[in-house]
Amino acid sequence: MYRDQRRELLNDLSGTVLEIGPGSGPNFPYLPSGIRWIGLEPNPYLHERLRDAEYGSVLCGDAESIPLADGSVDAVVATIVLCSIDAQSRVLAEVIRVLRPGGRFAFLEHVGAERGTWSRWAQRAVTPFSRRFDGGCDATRDTGTSITNAGFARVDMTEFVVRGPLGVSIPHVLGRATA
Ligand SMILES: C[S@@+](CC[C@H](N)C(=O)[O-])C[C@H]1O[C@@H](n2cnc3c(N)ncnc32)[C@H](O)[C@@H]1O
């Protein structure tokens, strides 16, 4: 899923790239060669698959407390991760901390639909289940606003909509923020 968006987001990254919540590695086919990739993944059951891909090093931990030094990476990647994070502002502060000045945060996230719409109602209905059975995912989060307010020097964000079942529209944000 999100093939075009992943390609657009990741194709020109360079240097040391930290990916938070890489899951089983769906971004690997879209990352450019020559980067130094570090994955920070709290789910240890995914580590073997990530290591088998031989893409870089895998750390175990949460993005609320990134085990890397200040200004030590050129880019941070998060795709479909912030929906699962309650303390979004804390994670985004950590992202800014580990990025070098001018470094890039590349993000792709689904976000809450407009209040009062059928799509929003449907998102609210599924959230108790997705929080329990889909890694804590909350479909109603306003992640775009969290990124805008996080304190980046610049945020370039576009929105697109994925059509779900039963006429549900799922808004997404895609973009780059500069530390
Ligand atoms: C829906 S999956 C997305 C996987 C992949 N990034 C993608 O694009 O499909 C969410 C990932 O975020 C990870 N995750 C959840 N909470 C996290 C946290 N606090 N810090 C870092 N990663 C987290 C999960 O373990 C999971 O691998």
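Scroll up for the structure.
Residues numbered from 1 in each chain as written. Predicted model: local features only at pLDDT ≥ 70, side-chain atom pairs only at ≥ 80, totals over all residues. Heavy atoms only, no water.

(A) Representation of the sheet that holds strand β5 (residues 99-110) in the model. The strand order across the open sheet built from seven strands is β3-β2-β1-β4-β5-β7-β6, with neighbouring strands paired in mixed fashion. This sheet does not close on itself; its edge strands, each paired only once, are β3 (56-59) and β6 (154-163). Across the sheet, the mean angle from the axis of one strand to that of its neighbour is 15°, orientation sign disregarded. Pairing analysis gives ten bridges linking β6 to strand β7 (residues 169-178), with the strands arranged antiparallel. What sits directly across from Asp156, in β7, is Arg176. (Pairing = 2+ DSSP bridges. Helix = DSSP H or I, 4+ residues; strand = E, 2+ residues; numbered from the N terminus. Axes fitted to C-alpha atoms, helices over the stretch in contact; angles between N-to-C directions.)

(B) Representation of a nonpolar patch on the surface. Among the surface-exposed residues, Trp118, Trp121 and Leu166 lie close enough to one another that they form a single nonpolar patch of about 430 Å² accessible area. By secondary structure assignment, the location of Leu166 is in the loop between β6 and β7. (Patch = residues over 30% accessible without salt bridge, like charges linked within 9 Å, V, L, I, M, F, W, Y side chains within 5 Å. Areas by Shrake-Rupley, 256 points an atom, 1.4 Å probe, with all protein chains shown as cover. Salt bridge = Lys/Arg side-chain N within 4 Å of Asp/Glu carboxyl O.)

(C) Summary view of the pattern of salt bridges. The final tally for this structure, using the stated rule, is nine salt bridges. Residues Asp12 and Arg176 are paired through a salt bridge, measuring 3.3 Å at the closest nitrogen-oxygen approach. Remark: Arg176 occurs in strand β7 and Asp12 occurs in the loop between α1 (3-10) and β1 (16-20); sequence separation between them is 164 residues. By relative accessible area, Asp12 is classed as partly exposed at 38%. (Buried < 20%, exposed > 50% of the residue type's maximum accessible area, 1.4 Å probe, protein only.)

(D) Here's a closer look at the pairing of strand β2 (residues 36-40). Taken across its five residues, β2 has four buried, putting it largely inside the fold. Here β1 pairs with β2 via five bridges, running parallel. Paired with Glu19 across the two strands is Gly39, which belongs to β2. Considered for its hand, the β-α-β crossover made up of β2, helix α2 (residues 47-52) and β3 is right-handed. (Right-handed = clockwise from strand over helix to strand, strands pointing away.)

(E) Just α1, in detail. Gln5, Arg6, Leu9 and Leu10 are the residues of α1 that are buried. Angularly, the buried residues of α1 cover 110° about the axis, an arc narrow enough to put them on a single face. For α1, exposure combined with an orientation more than 90 degrees from the buried face picks out Arg3 and Asp4. In this structure, the buried residues of α1 make contact with β4 (73-79), β5, β6 and β7. (Arc of directions from axis to C-beta. Contact = heavy atoms within 4.5 Å.)

(F) Layout of the environment of Phe107. Within the secondary structure, Phe107 is located in strand β5. Sequence separation between Phe107 and Thr79 is 28 residues, and the spatial gap between their C-alpha atoms is 5.6 Å. Each residue touching Phe107, except ones within four places of it in the same chain, is listed here: Leu9, Ala78, Ile147, Val155, Asp156, Met157, Val173, Leu174, Gly175, Arg176 and Ala177.

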